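Chains, contacts and geometry: an overview
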Amino acid sequence: MRKRNAIGGVIIAFFLLALAAGFTYDYLDSLPKGEGKIFVKTEGNVNAGMLADVQKTADAFNDLLAEKMQATVSGDVQLFVTSEPEAYQAVLKREFQMKDHEAERVAKISGGWTSGRIRVTVLNGSAGVMDGQNDQVSTTGHELFHQVQYALSKGKDTDENALFWLEEGSADYVGAVVAESMGKQRLEKWERDRIHEMHSLQDVVRPEDLQHCTLEQRKVLMEQKKHAYQMSDLMVIYLLQQQPENERMPKLAEYFRALGSSGDGEKAFEKTFQMPVKYFLQGFDQWLQQMMHASADLRIVQREGVVPGVRENIESDMARTQEFLQTVWGSGLHGEYCFVLAANPQDFAAAMRSELAMSEPETRTTAEQSLWIENGSSIILNAGKLDERQQQIFSVAAMTARVLQGQVAASSLDQMEWLSRGSAYLVATHMLGKAQLGTMAQYKAAWLRKVHGASHGVPGLLELKTMKDWQKAQEKYGQDEPTNIAELASLYLLEKHGWKSFYEWYVLTGKTGDAEKSFIKIYGKSSKAFAREFEASLVEKLY
């Protein structure tokens, strides 16, 4: 599911393979019928914006693929769009002849389902892969490409002898190409995000286990959440990077045609890409390890109107913050990032539309409420708000720490917002001290004064567990009060347990997915017990 906000990233959901279970008819029974048109239909109440995006994609799909890979759907296709789980299941049962329990199971793990034999595709509009305009376009392209795979391979695309990772990874790749062609997210960002995402994943499937899978094995992979689609995407990205750019899409079509002739994924792969699969896997493993351990590659893009000197300051601030984090946490950022500096709120919104393919309402709201946004491997900062050196240092340091948190623990830290934010703000405060702009003791005294003088009181730590809690606390107590409490509580932990404890909590939370149990393991008590201890200490300091 996609989430965009000033501190979050993008946590991307899965597609499930497009198969129709239970059919035993031969490919010859499904020779082309019709002219290759795609008829969009609705089931239940469907969001009008989603329907419009799907329709536009369906209308453009054949022409796009004919241009880029000399292939189209074969025969007329029915494309059902649903917005509700019940409607999705209804189509699965009616069109794909699934039993109730099977339709319910498939609905929980899939964003779309396709049968090339009966030329039917259905989209699960309630799934995370249909959340935004870009997702709606790319998911539609993904599922429709399964129709093309079936036609090119003469129905052998989902055989156990075919290569599962190439089937699903190529569908994701084509979906990303379609999205770019329709003015949405760029393919380059999609590729960069796939590599970026791998840094925060736990318990990832081995590439060797994605070669040949039965339908049941594929479903189990999805239910186990072993990130089979992310790994498949990376394998396809690596594979196509070895090909000339103008041959990448045609090579995918060539593979499926070869699969239709041989019925053997390995033979079709070697014929198309001129190497055995085992050699490809060896090269991919080396490439992946290099990507996972490489230091961060930060590419800064300065948009027109940004004040001279801001870019240089931000570059040096990020470098110094990373050096500090490497010293106290033993880890820094990995992967490739595109860091965009916007000149003002209007330019910030424009950058989000062009770089992230966000809608105008989304960008307008974000620009009003946020200083920066992280979306996968892209970070956009409203540099126009950083007109003082102190603001630049603090914001860049806090942002760098927050990005590292996401890389280590993905969204798991959202379960304890006060500590994830507070520990990042302490990093920023430390960097202010390094710049001779105040000591930690001085800032602590200032936070205590603000808490003591808060006209509407201050929130307790248990009121700051999630992002929603944080926002409610800001509405109740004021914009700054939650931040002051989070900084003081995190400093209380820092003084007792040191900098390393924060990173240990991030890592353990990322592994377990449980921020509370990880807190108990690292700090020896529950967050509730710590809240009582901290708040009693705070009363002593204030009164």
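Everything here concerns the structure above.
Now for a quick tour of the structure. Keep in mind the model is a prediction, meaning the values are calculated, not measured.

Concerning the pattern of salt bridges
Scanning the entire structure with this criterion turns up 27 salt bridges. A salt bridge links Arg-192 to Glu-188; the nearest nitrogen and oxygen atoms lie 2.2 Å apart. In this pair, Arg-192 and Glu-188 are both assigned in helix α6 (residues 187-198), four residues apart and thus about one turn of the helix distant. Here Arg-192 falls in the buried class, since its relative accessible area comes to 5%. By relative accessible area, which is 32% here, Glu-188 ends up partly exposed. The residue Arg-206 makes a salt bridge to Asp-209 at a minimum N-O spacing of 3.1 Å. Residues joined in a network through salt bridges with shared partners are Glu-43, Arg-94 and Glu-95.

Considerations on the packing of aromatic side chains
Tallying each qualifying case throughout the model produces 28 aromatic pairs. Judged by centre distance (6.0 Å) and plane angle (75 degrees), the rings of Tyr-173 and Trp-190 are edge-to-face. Taken together, the residues Tyr-173 in helix α5 (residues 164-181) and Trp-190 in helix α6 connect sequence positions 17 residues apart. Across the pair, Trp-190 and Tyr-173 agree in class, each one buried. An angle of 35 degrees between the planes, with centres 6.0 Å apart, marks the rings of Phe-394 and Tyr-425 as tilted. With a gap of 31 residues between them, Phe-394 in helix α15 (residues 389-409) and Tyr-425 in helix α16 (residues 417-434) connect regions that are remote in the sequence.

Regarding the packing of helix α2 (residues 85-96) against helix α3 (residues 100-109)
Packed helices, taken two at a time, are described by their axes: the angle between them and the distance between them. At a closest axis distance of 9 Å, the pairing of α2 and α3 adopts a crossing angle of 130 degrees. Considered as vectors, α2 and α3 are oriented oblique to each other. For the pair α2 and α3, the crossing hand works out as right-handed. Between α2 and α3, the residues in contact are Tyr-88, Gln-89, Leu-92 and Lys-93 and Asp-100, Ala-103, Glu-104, Val-106 and Ala-107, respectively.

Topic: helix α18 (residues 467-477)
Listed as buried for α18 are Trp-470, Ala-473, Gln-474 and Tyr-477. An end-on view of α18 places all buried positions within 100 degrees of arc, on one side of the element. Structural note: α18 exposes Lys-468, Lys-472, Glu-475 and Lys-476 on the side pointing more than 90 degrees away from its buried face. Lining the buried residues of α18 we find α16 and α19 (481-497). Two residues or fewer past α18, Gly-478 is found with a positive phi of approximately 125 degrees.

Notes on the sheet that holds strand β5 (residues 297-302)
Note on sheets: strands pair through backbone hydrogen bonds, and any given pair is parallel or antiparallel. Taking strand neighbours across the sheet as the criterion, the four strands line up as β5-β6-β8-β7 in an open arrangement whose pairing is mixed. Since the sheet does not close on itself, it has two edges, and those belong to β5 and β7 (372-375), each with one partner. On average, each strand axis in the sheet is inclined to that of its neighbour by 15 degrees, with strand direction left out of account. Note that β5 and strand β6 (residues 336-342) share six bridges and pair parallel.

Examining unusual backbone geometry
Unlike most non-glycine residues, Lys-154 shows phi in positive territory, near 60 degrees. Counting through the fold element by element, Lys-154 comes out in the loop between α4 (133-152) and α5. For Lys-154, a relative accessible area of 44% puts it in the partly exposed group. Positive phi values are uncommon outside glycine, yet Ala-357 reaches one of about 60 degrees. Along the chain, Ala-357 falls in the loop between α13 (345-356) and α14 (360-369). Judged by its relative accessible area of 11%, Ala-357 is buried.

Looking at the nonpolar core
For soluble globular proteins, nonpolar side chains are generally found buried alongside one another. One finds Trp-165, Leu-166 and Phe-269 to be the most contacted residues of the largest nonpolar core, which totals 72 residues. Leave out the neighbours within four places in its chain, and Leu-166 touches Val-236, Leu-239, Leu-252, Tyr-255, Phe-256, Phe-269 and Phe-273. By size, the runner-up hydrophobic cluster in this structure holds 69 residues, among which are Ile-300, Leu-341, Leu-419 and Leu-538.

Digging into the side chain of Asp-317
Along the chain, the position of Asp-317 falls in helix α12 (residues 310-329). By relative accessible area, which is 3% here, Asp-317 ends up buried.

With respect to the pairing of strand β8 (residues 378-382)
Each regular strand displays side chains that alternate between the two surfaces of the sheet. With five of five residues buried, β8 lies mostly within the body of the structure. Where burial is concerned, the two faces of β8 agree: the one with Ser-378, Ile-380 and Asn-382 and the one with Ile-379 and Leu-381 are both buried. With five bridges connecting them, β6 and β8 associate as parallel partners. In the sheet register, Leu-341 faces β8, and the bridge partner there is Leu-381. Taken together, the four bridges between β7 and β8 define a ladder with antiparallel strand orientation. Counterpart to Glu-374 in the pairing with β8 is Ile-379. Here β7 folds back onto β8 in antiparallel fashion, the turn holding two residues, of which Gly-376 has a positive phi close to 60 degrees.

Digging into the environment of Leu-508
Structurally, Leu-508 is set in helix α20 (residues 499-512). When the C-alpha atoms of Leu-508 and Leu-419 are compared, they prove to be 14 Å apart, with 89 residues separating the residues in sequence.

Examining the sheet that holds strand β1 (residues 38-43)
Read from one edge to the other, the open sheet built from four strands follows the order β1-β2-β4-β3, with strand pairing classed as mixed. Strands at the two margins of the open sheet, each flanked by one partner only, are β1 and β3 (112-115). Taking the axes of each pair of neighbouring strands and ignoring which way they run, one obtains an average angle of 15 degrees across the sheet. As defined by bridge partners, β1 adjoins strand β2 (residues 77-82) across six bridges and the pair is classed as parallel. Each bridged residue has a counterpart across the sheet, and for Thr-42 the counterpart in β2 is Val-81.

A few points about α5
A rise of 1.5 Å per residue sets the reference length of α5, with its 18 residues, at 26 Å; its end C-alpha atoms lie 26 Å apart and thus fit the reference within 8%. In terms of burial, α5 is a largely internal element, 16 of the 18 residues being buried. Of the residues flanking the end of α5, it is Gly-183, one or two places downstream, whose phi is positive at about 80 degrees.

What counts, and where the lines are drawn
- Residues numbered from 1 in each chain as written.
- Predicted model: local features only at pLDDT ≥ 70, side-chain atom pairs only at ≥ 80, totals over all residues.
- Heavy atoms only, no water.
- Salt bridge = Lys/Arg side-chain N within 4 Å of Asp/Glu carboxyl O.
- Helix = DSSP H or I, 4+ residues; strand = E, 2+ residues; numbered from the N terminus.
- Buried < 20%, exposed > 50% of the residue type's maximum accessible area, 1.4 Å probe, protein only.
- Phe/Tyr/Trp six-rings, centres within 6.5 Å; stacked < 30°, edge-to-face > 60°.
- Axes fitted to C-alpha atoms, helices over the stretch in contact; angles between N-to-C directions.
- Parallel < 35°, antiparallel > 145°, perpendicular 65-115°, else oblique.
- Left-handed = near helix turned anticlockwise from the far one by under 90°.
- Contact = heavy atoms within 4.5 Å.
- Arc of directions from axis to C-beta.
- Pairing = 2+ DSSP bridges.
- Core = buried A, V, L, I, M, F, W, Y, C linked by side-chain atoms within 4.5 Å.
- Expected span 1.5 Å × (residues − 1).

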